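Breakdown of the fold
One-letter residues, chain by chain:
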Amino acid sequence: MSPYGLFLLLEGKRVLVVGGGPVAAAKARELHAHGAHVVVVAPDVVADLEAVAAELHRRPFVPQDVEGAYLVIAAAPPPVNREVRHVADQRAVFVVAVDDVASCTAYGAARLERGGLTIAISSSGTAPALVALLRRALEAVIPDDVERWREVAENARSSWKAAGIPIEERRPILLRALDALYDKTEASSSC
Ligand SMILES: C[C@@]1(CC(=O)O)c2cc3[nH]c(cc4nc(cc5[nH]c(cc(n2)[C@H]1CCC(=O)O)[C@@](C)(CC(=O)O)[C@@H]5CCC(=O)O)C(CC(=O)O)=C4CCC(=O)O)c(CCC(=O)O)c3CC(=O)O
Ligand SMILES: NC(=O)C1=CN([C@@H]2O[C@H](COP(=O)(O)OP(=O)(O)OC[C@H]3O[C@@H](n4cnc5c(N)ncnc54)[C@H](O)[C@@H]3O)[C@@H](O)[C@H]2O)C=CC1
C-alpha cells in the first residue's frame with residue numbers, strides 16, 4: 001500500500017525521539033527546525049542534541065514516554081525500537097522506526113523547501129538513497145525565484161475570490177500572470 005502524503009504542522013507539538021545517536025540527532029534537528037517540542041529519551045546523547053531538545057531525559061525508554069506525543073521517532077538499537085513501535089501502535093500514534101521499514105507507520109521524507117513551498121518525496125522505504133538523489137535533482141530544476149511565483153498565485157487567488165472567478169477559469173489566468181512576471185523583468189532589464 002502506498003503512503004498517503006500529508007504535511008504535518010508541528011509547531012508546539014510534542015514529538016518523542018527515542019535514542020540519542022547521530023540518526024536521532026539528525027531527525028531531532030529537523031523536527032526542531034519545524035517548531036516541534038522535541039522530547040529526547042536516551043541514556044547517552046550526542047552533544048548537538050542538547051541544543052534542539054526541549055526535554056532531554058537521560059535514561060532508557062519507558063512506555064509512558066509515548067503519552068501525549070503526536071509522533072514518535074524510534075532511533076535506538078533494534079530491540080528498543082521494536083518495543084517503541086509496539087507501544088506507539090497500542091496508543092494510536094504514528095511511528096518512524098528508522099531501522100525497520102516494515103514496522104514504520106510513517107516515513108521520513110526527503111524535503112525541498114523554497115520560497116514558501118514544500119516538496120516531499122518518498123519511495124515507501126524501498127530506496128532512500130534514490131529519494132535523496134531526486135531531491136537534489138529537484139533542487140536544481142525548481143527556480144530560485146519560485147517565491148515570486150507563489151506570491152503572484154497568492155495575490156491572484158484573493159482577486160479570484162473577490163471577483164467570483166470560477167475555479168476552472170483560474171489556471172489560464174495564473175499562467176498569464178506568471179508570464180507577465182518575466183515580461184516585466186525582461187522589459188526592465190533591457191532599459
Ligand atoms: C524507512 C525510512 C525511515 C526514516 O528514517 O524515516 C528510512 C530507513 C532507512 N534508511 C537507511 C539508509 C539511508 N537513508 C538515507 C537517507 C534518507 N533516508 C530518509 C528516510 C527514510 N529512511 C525512511 C524511508 C524514506 C523513503 O524511502 O520513502 C530520508 C529521505 C529522510 C530522513 O532521513 O529524514 C533521507 C534522505 C534525505 C535527503 O537527502 O533529502 C541514505 C542516503 C543518504 O544519506 O544519502 C541512506 C544510505 C543509503 C541506503 O541505505 O539506501 C536505512 C539503512 C540503514 C543501514 O543499513 O544501516 C534504513 C533502514 C532500512 O532500510 O532498513
Ligand atoms: N533511517 C536512516 O536513515 C538510518 C537508520 N539507521 C539505524 O538507526 C538506528 C540508530 O542509529 P545511530 O544513531 O547510529 O545509533 P547509536 O548506536 O549511535 O545510538 C543509539 C542510541 O540509542 C540509545 N539507547 C540505547 N538503549 C536505549 C533505551 N533502552 N532507550 C532509549 N534509548 C536507548 C543510546 O543511548 C544511543 O543514544 C540504528 O538502528 C541504525 O540501524 C542507521 C543509518 C541510517
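Summary of the structure given here. This structure is a prediction, so every number in the text was calculated from the model and none was measured.

What to know about the pattern of salt bridges
- Applying the stated criterion across every chain, the model contains 14 salt bridges.
- Close ionic contact of glutamate 139 with arginine 135 constitutes a salt bridge, the shortest N to O distance being 3.1 Å. Placement of the pair is glutamate 139 and arginine 135 together in helix α3 (residues 128-141), with a separation of 4 residues, close to one helical turn.
- Of the residues examined, glutamate 139 reaches a relative accessible area of 31% and is grouped as partly exposed.
- The salt bridge involving arginine 150 is made with glutamate 147; its shortest N-O contact spans 3.6 Å. Taken together, the residues arginine 150 and glutamate 147, both in helix α4 (residues 146-163) and 3 residues apart, mark about one turn of the helix.
- The structure contains a network of salt bridges with shared partners spanning Glu30, Arg111 and Glu113.

Thoughts on the packing of aromatic side chains
- On inspection of all chains with the given rule, the structure shows 0 aromatic pairs.
- For the cation-ring pair, lysine 13 lies above tyrosine 70, with the distance from its terminal atom to the ring centre recorded as 5.2 Å.
- The side chain of arginine 148 reaches across the aromatic face of tyrosine 182, ending 5.7 Å from its centre.

Some points on the site of ligand 2
- As a matter of local geometry, ligand 2 sits amid 18 residues, with Gly20, Val23, Asp44, Phe61 and Val98 nearest to it.
- Glycine 21 places a polar main-chain atom, nitrogen or oxygen, 3.3 Å from an oxygen atom of ligand 2.
- Here an oxygen atom of ligand 2 sits 3.5 Å away from a polar atom, N or O, in the main chain of alanine 76.
- Considered class by class, the residues forming the shell around ligand 2 number 13 nonpolar, 3 polar and 2 charged.

Points about the site of ligand 1
- The immediate surroundings of ligand 1 are formed by 18 residues, with Lys27, Gly108, Ser122, Ser123 and Arg135 found nearest.
- Between ligand 1 and the protein, one listed contact pairs an oxygen atom with a side-chain N or O atom of lysine 27 at 2.7 Å.
- A distance of 2.8 Å is found between an oxygen atom of ligand 1 and a backbone nitrogen or oxygen belonging to glycine 108.
- Out of a free accessible area of 1,100 Å², ligand 1 has 57% covered by protein chains.
- Looking at the shell around ligand 1, the element that brings in the most residues is α3, giving 5 residues.
- Across the shell around ligand 1, the residue classes break down as 10 nonpolar, 5 polar and 3 charged.

Side note on the sheet that holds strand β4 (residues 71-74)
- Taken together, 5 strands build an open sheet; the order of strands is β3-β2-β1-β4-β5 and the sheet is parallel. This sheet does not close on itself; its edge strands, each paired only once, are β3 (55-57) and β5 (94-97). Within the sheet, the average angular offset between the axes of one strand and its neighbour, ignoring direction, is 15 degrees.
- Where strand β1 (residues 14-18) and β4 come together, 4 bridges link them in parallel fashion. Bridge assignment links valine 15 to a residue of β4, and that residue is leucine 71.

Thresholds, definitions, all that
Residues numbered from 1 in each chain as written. Chains lettered and ligands numbered in written order. Predicted model: local features only at pLDDT ≥ 70, side-chain atom pairs only at ≥ 80, totals over all residues. Heavy atoms only, no water. Salt bridge = Lys/Arg side-chain N within 4 Å of Asp/Glu carboxyl O. Helix = DSSP H or I, 4+ residues; strand = E, 2+ residues; numbered from the N terminus. Buried < 20%, exposed > 50% of the residue type's maximum accessible area, 1.4 Å probe, protein only. Phe/Tyr/Trp six-rings, centres within 6.5 Å; stacked < 30°, edge-to-face > 60°. Lys NZ or Arg CZ within 6 Å of the ring centre and 35° of its normal. Near = heavy atom within 4 Å. Polar contact = N/O pair within 3.5 Å; in protein donor to acceptor, adjacent residues only side chain to side chain. Nonpolar A, V, L, I, M, F, W, Y, C, P; charged D, E, K, R; others polar. Areas by Shrake-Rupley, 256 points an atom, 1.4 Å probe, with all protein chains shown as cover. Pairing = 2+ DSSP bridges. Axes fitted to C-alpha atoms, helices over the stretch in contact; angles between N-to-C directions.

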